Amino acid sequence: MSGKVISYLASLSYTHAQEVVFAREVVGLSELEYSLLISITGIGSIAGALVLSVLSERLSIRMMTITGLLLMAVGYVIYAFSWSFASIAGGFILLGFFNSFLNTGMSTFYQNNVPVELMGRVTSVFELGQSAFQVLFVLLLGAVADFFSLREAIVTAALLMLILSCVFCAFLWKPGREEAFVEES
């Protein structure tokens, strides 16, 4: 397997480890229910991609990125406050649906703003930093969960994600940032 595939699978395992423990231990879902949640997230992602394919001509790269980031953060907040399969499924549907928007916006931004000859190096450095951050985040979340309840740790992390998403989106929306999001033909 390529390094990129291994890195992606490793990042999935960190994320899923947090989700599994929370869904199984705090919300009380069975293995089957958690497996269904993953499928529901995939269905949400496919639905988001279909909607995005219809709306892509009308949405700017910046709007896709901002919408995707904010509504994925909202999905995580719903997930963090969930108490049943139905409520956690709502959060996962939102996550899957708007993940398509965020990924499309960020990928297009990246392709338009990073020179082709540097893409490999920039991607490697970015993915290394992302992987290190994910490991540190999982360790920090685990340490916080030792002092407080797991729900409190997840809720705090989700609310922090929402706040940081709002700050980042405000930064992206500031006047003068339009030229970084110009559509390439």
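Residues numbered from 1 in each chain as written. Predicted model: local features only at pLDDT ≥ 70, side-chain atom pairs only at ≥ 80, totals over all residues. Heavy atoms only, no water.

The protein has the name Permease in an unreviewed UniProt entry, where Jeotgalibacillus alimentarius is given as its organism. Taken from UniProt, the Subcellular location (unreviewed entry) comment for the protein reads in full: "Cell membrane". (UniProt positions renumbered as here; feature names shortened; annotations may be inferred.)

A. Just the overall build of the protein, in detail. Secondary structure assignment for the protein yields 6 helices and 0 strands. Counting every position in the protein, which comprises 185 residues, the buried fraction comes to 30%. Taking the contacts inside the protein whose residues are at least 6 apart along the sequence as the reference set, 76% of them involve residues at least 24 apart. Accessible surface, the protein: about 11,100 Å² in total, of which carbon and sulfur atoms supply 71%. (Helix = DSSP H or I, 4+ residues; strand = E, 2+ residues; numbered from the N terminus. Buried < 20%, exposed > 50% of the residue type's maximum accessible area, 1.4 Å probe, protein only. Contact = heavy atoms within 4.5 Å. Areas by Shrake-Rupley, 256 points an atom, 1.4 Å probe, with all protein chains shown as cover.)

B. Broad picture of the pattern of salt bridges. The tally for this structure, following the rule as stated, stands at 1 salt bridge. A salt bridge links Arg-24 to Glu-31; its shortest N-O distance comes to 4.0 Å. With a relative accessible area of 31%, Arg-24 lands in the partly exposed category. (Salt bridge = Lys/Arg side-chain N within 4 Å of Asp/Glu carboxyl O.)

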